[in-house]
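Read off the chains here:
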Amino acid sequence: MARRIMHIDLDAFFVSAEQVLNPQLKGKPVVVGGRPDRRGVVASASYEARAFGLHAGMPLTTACRLCPQATFIEGSFTKYRDASQKFMAILADFSPFLEPLGLDEAYLDVTGFESLHDSIQQMAVNIKQRLKDELGLCASVGIASCKVVAKVACELSKPNGLLEVAAGEECFFLAPLPIANLPGIGKKSQQILKSLGINTISKLATMPPSGLKSHFGASGELLHRLANGIDDRKVVPPGAAKSISRETTFGKDTKNHSFLKTTLRYLSERVGAALRQQNKQAKCVTLKLRTADFKTITRHHTLPQTTDTNKTIFATGLMMLAKALSQEKKAIRLIGIGVSNLTEPGKQLDMLDISIQRQEQLDKTIDRIRQKYGFTAIQTGRTLLLKDLFPTDKDGYTLQTPSLSR
Ligand code: DCP
Ligand code: CA
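First, a word on what this report is: a plain description of the structure on this page. From a predicted model like this one, the values you see are computed outputs, not experimental measurements.

Every one of the 13 residues lining ligand 1 counts as a neighbour, but Ala 12, Phe 13, Ser 44, Tyr 47 and Arg 50 are closest to it. One of the side-chain nitrogen or oxygen atoms of Asp 9 is found 3.2 Å away from an oxygen atom of ligand 1. The separation between an oxygen atom of ligand 1 and a polar side-chain atom of Arg 50 is 2.8 Å. Relative to its unbound accessible surface of 550 Å², ligand 1 loses 67% to contact with the protein. Those elements giving two or more residues to the shell around ligand 1 turn out to be strand S1 (5-10), helix H1 (13-21) and helix H2 (47-50).

Rendered as structure tokens:
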């Protein structure tokens, strides 16, 4: 069945929440962010204030100069958090496949839900009505076959909008829009794209991914797909882990590379075990280091193929570690490794690769033994070095910061 994804975003959220509590502010230029003479920026501006050129992120002093008649409000996070919780609860009534984004946005997977509401558009109308009736808040809704197009449609429909992009129309819809409309393209990326003569999404869509890769690294390919309206990212309900990581702070800062590698191996095994327990595969491995002077270094590596093996996680981490240590002369205070970009296992490719199969079999066996007899019941050569340094319990070594080491 063709997917239908909704993106719902509340209009001028902080301001609207204030207007619900003080209806006299309705229909007027209102700014949440602070007093106009304060340092600080606009967090949210009513659409009436936006008519004067005000927008989020603008210094309050500028906002006051452009629109001195606006009401400036300090704002209170707890109010907005309460409103946000009610907002998400209403959405959850409509579909269990709900992925909140921040306080006032969410994706809903509504595939097949037309039978309950006549049409998906009618479902969106019903959602908007309930938000208005019960919370007094206006929402805009975008509907499309994938997340990126739904989000762009929602943004374009604001305020109080509803815009559906029919299946098959994704490219046509995106093509004429400026690149800034594509989510994830910040100021920096815009500058790079503009210097390449790319101003519209259609131009971006026709750029070969290899060209984009040279400017944006691994994200280049994703950019290419998004610009073409191709986006198979699922709507992920909260709770489903987006990443798994393990890290530890050493009792004493260290320059001992062998010890760092050993610790990395141990943490990689912990990450691998957690990944396999969740029956997930990862596409991205991240190394984290913190130096004695509290500088944090993170390195990411996207794998050509998803993995759940200790060997690949460690090898990828080790490669990044070797490179980072060749550039970093300070002692290391913290080391961590994580995996992200998690997917359900798609074993078809792996099935052809005997060495990967063997590795997976080995990891599964080790997992079983460790579940039964404790983590330290079976050791890889490298982690054995930790045995004399740290006390053990059934979950593994008790490192310096057990809460972080989990
Ligand atoms: N926010 C903030 N600082 C920013 C941007 C946003 O504090 N630089 C807060 C205030 C917003 C809320 O997050 O009300 C939601 O952000 P949106 O970008 O969705 O902005 P609004 O909801 O205010 O406006 P709209 O969605 O109608 O464009
Ligand atoms: Ca909003």
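Bringing the pairing of strand S6 (residues 105-109) into the picture now. Judged by how many residues are buried, S6 sits mostly within the fold: five of five residues are covered. Burial along S6 is two-sided: the face carrying Glu 105, Tyr 107 and Asp 109 and the face carrying Ala 106 and Leu 108 are both buried. Pairing of S1 with S6 involves five bridges; the strand directions are antiparallel. Among the inter-strand pairings, Ile 5 is bridged to a residue of S6, identified as Asp 109.

On to the coordination of the calcium ion (ligand 2), then. The coordination sphere of the calcium ion (ligand 2) contains the protein donors Asp 9 (OD), Leu 10 (O) and Asp 104 (OD), at a distance range of 2.1 to 2.3 Å. Taken together, the six donor atoms coordinating the calcium ion (ligand 2) span angles of 76 to 174 degrees at the metal, a pattern that classifies the geometry as octahedral. Mapped onto the polypeptide sequence, the residues donating to the calcium ion (ligand 2) form the spacing pattern D-L-x93-D. Residue class for Asp 9 comes out buried when judged on its relative accessible area of 7%.

Attention shifts here to the sheet that holds strand S4 (residues 71-73). Read across the sheet, three strands follow the order S3-S2-S4 without closing on themselves; strand pairing throughout is mixed. Sheet topology places strand S3 (44-45) and S4 at the edges, where each strand pairs with a single neighbour. Sheet analysis places strand S2 (residues 30-32) next to S3, joined by two bridges and oriented antiparallel. What sits directly across from Val 32, in S3, is Ser 44. Most of the contacts of H1 go to S2, to which it runs at about 115 degrees, and overall it touches S2, S3 and S4.

Scanning the entire structure with this criterion turns up 18 salt bridges. A salt bridge links Arg 265 to Glu 269; its shortest N-O distance comes to 2.8 Å. Taken together, the residues span about one helical turn, with Arg 265 and Glu 269 both in helix H13 (residues 257-277) at a distance of four residues. The burial state of Arg 265 is the same as that of Glu 269; both residues are buried.

This part takes up H1. The α-helix advances 3.6 residues per turn, and as a result positions three or four apart in sequence lie on the same side. Within the span of H1, buried status applies to Phe 13, Val 15, Ser 16, Ala 17, Glu 18 and Gln 19. Those residues of H1 hidden inside the fold are in contact with S1, S2, S3, S4 and helix H4 (77-94).

So, about the nonpolar core. Counting 33 residues, the largest nonpolar core has Met 6, Ile 8, Phe 87, Leu 91, Leu 108, Ile 127 and Leu 131 as its most contacted members. Elements with a minimum of two residues in this core: S1, H1, S2, H4, S6, helix H6 (120-135) and strand S7 (139-144). In terms of residues, this core owes the most to one element, H4, which gives seven residues. Ignoring any residue separated from it by four or fewer positions in sequence, one finds Leu 108 in contact with Arg 4, Ile 5, Met 6, Ile 8, Leu 91, Phe 94, Ser 95, Phe 97, Leu 98, Ile 127 and Val 235. One finds Leu 260, Ala 274, Ala 282 and Ile 332 within the second-largest nonpolar core, a separate group that totals 30 residues.

If you trace the five strands from one edge of the open sheet to the other, you get S5-S6-S1-S7-S8, paired in mixed fashion. The open sheet has two edge strands with one neighbour each: strand S5 (98-101) and strand S8 (162-164). Taking each pair of neighbouring strands and ignoring which way they run, the sheet shows an average axis angle of 15 degrees. Summarising the sheet, S5 and S6 pair through four bridges and their orientation is antiparallel. The residue bridging Leu 101 from the neighbouring strand is Glu 105, located in S6. Of the strands in this sheet, S1, S5 and S6 are in contact with H4, which crosses S6 at around 10 degrees. Docked against the sheet, H6 engages S1, S6, S7 and S8, running at close to 160 degrees with respect to S7.

Reading the values: the criteria
- Residues numbered from 1 in each chain as written.
- Chains lettered and ligands numbered in written order.
- Predicted model: local features only at pLDDT ≥ 70, side-chain atom pairs only at ≥ 80, totals over all residues.
- Heavy atoms only, no water.
- Near = heavy atom within 4 Å.
- Polar contact = N/O pair within 3.5 Å; in protein donor to acceptor, adjacent residues only side chain to side chain.
- Areas by Shrake-Rupley, 256 points an atom, 1.4 Å probe, with all protein chains shown as cover.
- Helix = DSSP H or I, 4+ residues; strand = E, 2+ residues; numbered from the N terminus.
- Buried < 20%, exposed > 50% of the residue type's maximum accessible area, 1.4 Å probe, protein only.
- Pairing = 2+ DSSP bridges.
- Donors = N, O, S within 2.8 Å, 3.2 Å for Na, K, Ca; no water.
- Tetrahedral: all angles 85-135°; square planar, octahedral: opposite > 155°, others 65-115°.
- Contact = heavy atoms within 4.5 Å.
- Axes fitted to C-alpha atoms, helices over the stretch in contact; angles between N-to-C directions.
- Salt bridge = Lys/Arg side-chain N within 4 Å of Asp/Glu carboxyl O.
- Core = buried A, V, L, I, M, F, W, Y, C linked by side-chain atoms within 4.5 Å.

None of this, on its own, says anything about what the molecule does.
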